Structure formats: structure tokens, C-alpha cells
Amino acid sequence: MTLPETGRPPGDVLRELRGFGDADPDYKHGRVWSLVYYLDEGYADFLAEAYKLYSSANGLNPTAFKSLKRFENEIIAAVADMLHGTEEVCGVVTSGGTESCLLAVKTYRDLARAKRGVRRPEMVLPETAHVAWFKASEYFGVKVRLVPRGDDFRLDVAKVARLVNRNTVMLLGSAPEYPNGLIDPIAALGEIAQKHGVPLHVDACVGGFIQPFMAMNGIELPPWDYRVPGVTSISADIHKYGFASKGASTITYRNLELLKHQMFVYQDWPGGVFASPALLGTRPGGAYAAAWAAMQYFGQTGYRDLAHRTILAFDRMKAGIAALPELRVFGDPKGPLLGYGSRDAAVDIYAVGDQMDARGWQINRLQFPEGLHAMVTAKHLESVEAYLVDLKAAVAAVKADPSLARQGSAATYGLMANIPLRGMVKSRVLDIFSNMYRAGGGDLDLSAHDAGPGAEAGAPSLAERIATWYVQRRRRRQR
Ligand SMILES: *Cc1c(COP(=O)(O)O)cnc(C)c1O
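Attention shifts here to the packing of aromatic side chains. Summed over all chains, the structure comprises 23 aromatic pairs. Ring centres of Y27 and Y38 lie 5.4 Å apart, and the angle between their planes is 75 degrees; on these two criteria the pair is classed as edge-to-face. Of this pair, Y27 sits in the loop between α1 (10-20) and α2 (41-53) while Y38 sits in the loop between α1 and α2, placing them 11 residues apart in sequence. When the centroid spacing of 5.0 Å and the interplanar angle of 75 degrees are considered together, the rings of Y37 and Y241 count as edge-to-face. Linking Y37 in the loop between α1 and α2 with Y241 in the loop between β6 (231-237) and β7 (249-253), this pair joins segments that are 204 residues apart in sequence. The burial state of Y37 is the same as that of Y241; both residues are buried. Clustering of aromatic rings is evident, with ring pairs tying together Y37, Y43, F46, F209, F213, Y241, F243, Y297, F298 and Y303.

Taking 1.5 Å as the rise per residue, helix α4 (residues 97-116) with 20 residues should run 28 Å; its terminal C-alpha atoms sit 28 Å apart, in good agreement. Most of α4 sits inside the fold, with 15 of its 20 residues counted as buried.

Turning to the site of the ligand, a few remarks are in order. Around the ligand, the neighbouring residues are G96, G97, T98, C101, H130, D203, C205, V206, D237, H239 and K240. In this structure, G97 approaches the ligand through a main-chain N or O atom, which is 2.9 Å from an oxygen atom. At a separation of 2.5 Å, an oxygen atom of the ligand approaches a polar side-chain atom of T98. No other element matches α4, which puts three residues into the shell around the ligand. Each residue belonging to the shell around the ligand can be placed in one class, and the counts come to three nonpolar, five polar and three charged.

For interface size, the figure often reported is the accessible area lost on association. Assigned domains of the chain: these are domain 1 (51-296), domain 2 (311-402) and domain 3 (419-478). Look at where the C-alpha atoms of domain 1 and domain 2 centre, and you get two points 31 Å apart. At the interface, 18 residues of domain 1 touch 20 residues of domain 2. Carbon and sulfur atoms supply 68% of the area buried between domain 1 and domain 2, which totals about 1,400 Å² over both sides. When the area that domain 1 buries against domain 2 is broken down by residue, the three leading residues are F153, Y178 and Y241, summing to 36%. The interface formed by domain 1 and domain 2 holds four residue pairs in polar contact (both at pLDDT 80 or more) in total. Residues that form the side of domain 1 that touches domain 2 fall into these classes: 12 nonpolar, two polar and four charged.

A large share of β7 lies buried, amounting to five of its five residues. Here β7 shows no split at all, with S249, I251 and Y253 on one side and T250 and T252 on the other all buried. Pairing geometry for strand β1 (residues 90-94) and β7, over five bridges, is antiparallel. In the sheet register, C90 faces β7, and the bridge partner there is Y253. Where β6 and β7 come together, five bridges link them in antiparallel fashion. Looking at the pairing, A236 lines up with T250 of β7.

Let us look at the sheet that holds strand β10 (residues 327-329). Across the sheet, which stays open at both edges, the four strands sit in the order β10-β11-β13-β12 with antiparallel pairing between neighbours. Each edge of the open sheet carries a strand with a single partner, namely β10 and β12 (365-366).

So, about the nonpolar core. Counting residues in each nonpolar core, the largest one holds 65 residues, and the members touching the most others are L171, I186 and F209. Those elements giving two or more residues to this core turn out to be α2, α3 (66-82), α6 (157-163), α7 (186-196), β5 (200-203), α8 (211-216), β6 and α10 (285-322). For this core, the element with the most residues is α10, which contributes 13 residues. Three or more residues apiece are contributed to this core by two domains, here domain 1 (51-296) and domain 2 (311-402).

Once that is clear, we can look at the layout of surface pockets. Sizing a probe to match a water molecule and rolling it over the atoms shows the empty space that remains. In this structure, the second largest pocket occupies an estimated 320 Å³ of space. At the level of secondary structure, the elements contributing two or more residues to the lining of the second largest pocket comprise α3, α8 and α10. By residue number, the principal contributor to the lining of the second largest pocket is α10, which donates six residues. Class assignment of the residues belonging to the lining of the second largest pocket gives a composition of 10 nonpolar, four polar and two charged.

Right, let's talk about the packing of helix α11 (residues 349-358) against helix α12 (residues 384-400) for a bit. Running from N to C, α11 and α12 point in directions that differ by 125 degrees, and their axes come no closer than 9 Å. As the angle between them shows, α11 and α12 are arranged oblique. Helix-helix and strand crossings are classified by hand; for α11 and α12 the assignment is right-handed. Where α11 abuts α12, its residues A351, V352, Q355 and M356 lie against Y387, D390, L391, A394, V395, A397 and V398. Among the residues making up the contact of α11 with α12, the classes are represented as nine nonpolar, one polar and one charged.

Taken as a whole and judged by the stated rule, the model has 25 salt bridges. E385 serves as the salt-bridge partner of R316, at 4.0 Å between the closest nitrogen and oxygen. Here R316, found in helix α10, pairs with E385, found in helix α12; they are 69 residues apart in sequence, far enough to count as distant. Relative accessible area serves as the criterion here: at 38%, R316 is assigned to the partly exposed category. With relative accessibility at 43%, the residue E385 sits in the partly exposed group. Two residues, E382 and K379, come together in a salt bridge whose shortest N-O distance is 3.3 Å. We classify E382 as exposed; its relative accessible area is 53%. On the basis of relative accessibility, which here comes to 13%, the residue K379 falls in the buried class.

Reading the values: the criteria
Residues numbered from 1 in each chain as written. Predicted model: local features only at pLDDT ≥ 70, side-chain atom pairs only at ≥ 80, totals over all residues. Heavy atoms only, no water. Phe/Tyr/Trp six-rings, centres within 6.5 Å; stacked < 30°, edge-to-face > 60°. Helix = DSSP H or I, 4+ residues; strand = E, 2+ residues; numbered from the N terminus. Buried < 20%, exposed > 50% of the residue type's maximum accessible area, 1.4 Å probe, protein only. Expected span 1.5 Å × (residues − 1). Near = heavy atom within 4 Å. Polar contact = N/O pair within 3.5 Å; in protein donor to acceptor, adjacent residues only side chain to side chain. Nonpolar A, V, L, I, M, F, W, Y, C, P; charged D, E, K, R; others polar. Domains from an automatic or database assignment. Contact = heavy atoms within 4.5 Å. Buried area = accessible area lost by both parts, 1.4 Å probe. Pairing = 2+ DSSP bridges. Core = buried A, V, L, I, M, F, W, Y, C linked by side-chain atoms within 4.5 Å. 1 Å grid on protein atoms, 1.4 Å probe; cavity = no way out; pocket = protein on both sides within 12 Å on 5 of 7 lines; lining within 4 Å. Points joined across faces, edges and corners; volume = space filled by probe spheres on them. Axes fitted to C-alpha atoms, helices over the stretch in contact; angles between N-to-C directions. Parallel < 35°, antiparallel > 145°, perpendicular 65-115°, else oblique. Left-handed = near helix turned anticlockwise from the far one by under 90°. Salt bridge = Lys/Arg side-chain N within 4 Å of Asp/Glu carboxyl O.

Have a look at this one:
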């Protein structure tokens, strides 16, 4: 593939581009249980139109593009209000949840350094914290103190208190956490945060744009927003349950004194004095315009209606899974997402996942414990019954043929989850993943045979090779 020597007509280019999507998961009919927040074509066109209006505008320079600063101000003010913040709550629109989480870690690391001279920063994370927090730990050199869950999937707050020390720069709670959809005990975390004088961030990337409306609809939730005194910042994604185009999240802080530590200023650059509020340089005007448009389009009643339909679908799903004697829902999530696993030794949950794949569903896998995942949206109201019918059939198929657990991707996922040598898993996944990015790289399929240059036909799959390596190593140790 080279750049075409001469340009092509737009119609041609767009036709080919459309064709690329043919092999993508069918998210338009509620078959995908993660990653996508989609309503219908009319709404997608509306977002695209809003995006188009400002797709060339750049939020890097808010003094040049006053339009973008206006979207940003209005988005942040509305979010602060949704999260029950005071007038002092302020923040920034970011490109996504990951950017919001990374920024919180950077901010609190720098705050602790400035105020308390902390040189070996640490943060206390529940093990269910989104992977973005572990990424932040690596990127910004902030050590993770990990809090394990109890048997009931709940965070044990007493364990959090024991991990706080002089080097702690922040605590984290999620509302809700991604793997099982449970809201961490934010009020109790707030008390610990206040007692020790450390910031508490609430990761509401997934909950921020639905929980306020679930509450307005009369669903009782534990306190999780700025009404909890110890909470100092909250991340809330507009491109999840806010139904914006991809590329829009928010991070807000209780006051400007905190937000200041997020800012970057360099005064000696030959390119001019430079100030930037977030991670990105150029900031996508289109994404922020579409986010603003989404919030105006729905308003409180629109989001309440979405929340209502989402929780209807969620409740059906949760009840449907609980009605299957072989399965169990992890914890007691209130929505909109859940994890579930097997309670029957004869039913391997990853094999159930393979059976669901074969029936045209796209479902994420969990580990520790092994499970399947569902991020439920209003769209799923039209597919949840079909999902449950297939799930029942999938469970029956696995029960009838337990060898399915040793085939297909079930074997790989099982191995990945059960190998005690996590560094080994990491380095092998890194190898394969980076192969995707070598020039002309292929797809990532952990159960497939290694593709890429030099791969022999019939070479063992990654799963097989890890298994062989592991067994040999154990034998050597035993000798
Ligand atoms: C999705 C999510 C993130 C990361 O957001 P991205 O937009 O995918 O970068 C962080 N935390 C939680 C709880 C999430 O669900």
C-alpha cells in the first residue's frame, strides 16, 4: 500500500471506506455488549452534523476559538451541576476517560510534590479500578497500592485505610467499577481521605452520565458525587452514556486550587509562551461540539428516558441470568453494567462465551473470577430477550460437551487467567500485540497461530506454547 499517486474522487473514497466496516461487529442491532453507544441513524447524522460544523476548529487555543471555550464552559457547568457540585467546581473537557484518569494522577502527583514534598508518590487503587489507572501509574511513575476485594465483590474500606501513608497522593473509588458494575463505598472512602488529608477521585467515566438520571427516576444509589465531602474530583465520559461522538469526556475538580496542578505552561519556547490545560496539544473542536449538541438534544428528560430504558434492559438481563441455575451475577449491581460467571463445575464460562460468539454476539471476557461482561444500553432493549434465549442454549451446549472448554478461545482465555506467572502473560501478549503494529501488521487473535514474518505453517498457537513452556518449567523446578 502506497499513497495513491493521484487523488481519488470523494465518492470512490467514501464507498471503499464504507466497505471496510463490513467485517465489524453489528452494533446497530444491539449485538455488541461493550465499546459502542449507538441509538439510530437519525441521531448519528445529527452528531455528525454537529461534528462537521467545528471539525477544523482547534481547542488548543481557547483565546482564538471562542466557540470552543464556550462549549467547554457550558459542558463543564452542566456536568458540575449534574454531579451536585458547588459554584466552585471547575474542569476541562478531554478526549476520553483515559485522558481524564491520566490527568487526575498527574494532578495529584504534582499537588503532593508541591504541598508536601512527596518524591515517591503512591496511590491506593481498588483492584477493580479501570485499567487506565494502571496505565497512569506506569506513565507518571506513581506506585500502585492495590486493595483486594472481599468474597462479596465489595471493596474492603478498612484495607484502604491501612495502605495510606506519607507518600499517598490520592485515593480512588469508582462509580461504578468496570468489571462488575458495583459502586465503591465512596462515603467511607471520603472519610478516610479527609482524615488523612489526601484527595479522593471518583471514576464515574461510565456512571457519570447515567447515575444522576437513574436517581431522578427513583433508583436508590449510595452517595458517590460531590455531595460526599471528601470527593475532590470526578471523571465522567460524555462519549459513553452521554451519547456523544467518540472523543469527549470531562474531568472536574472541587476547586481551581486543585485544577491548577493539571495545567502545563512553558514560557521559554521559541514557538511562543505555551499554556495547555490537558494532555492533548491540538484539541478536536468537532468532538466537543458534538458533545455539547448531545447534551442539548437530550436534556434532563432525554437522559432520564434513556436511563429508564437502559435499566429496563439491564434488569431483564440480570434476572434472566440469575434464573439460569448454572450461572451467577457477580455482586449486586444496580446497572448499567454487570459481570457473570458459572456456579456449575461442568459449565466453563469461557466456553459459554465461545458459544455466544458463534451465535453472533460480541461479549467481553473477565478474569479473577472468570466471567462474561455486559455494558447495557437503551439499544439492548430490542435484543436482550434474544440474548437470553441464546445464553440458555449456550449453557446447555457446554454442559452437553464439556470438552468445549479446551477448544477455541476458551482454552486461551482459561490459560491466560490461570497461569500464575503474570509477567509471562504480559510479555507474550506484548509480543503479539506489537506484531499487530509492525509494518503490514495483522490482527490480534490470542488463540490463533502466530502470524507475521517467519511463522511456520502449523506452528503451535500462543495458548499451546504458553502451556508447553509452563509445563516444562514446572518439571524443571520439580527436578
Ligand atoms: C471507559 C472507562 C474509562 C476509560 O475511558 P475511555 O473513554 O475508554 O478512555 C475509565 N474508567 C472507567 C470506569 C471506564 O468505564
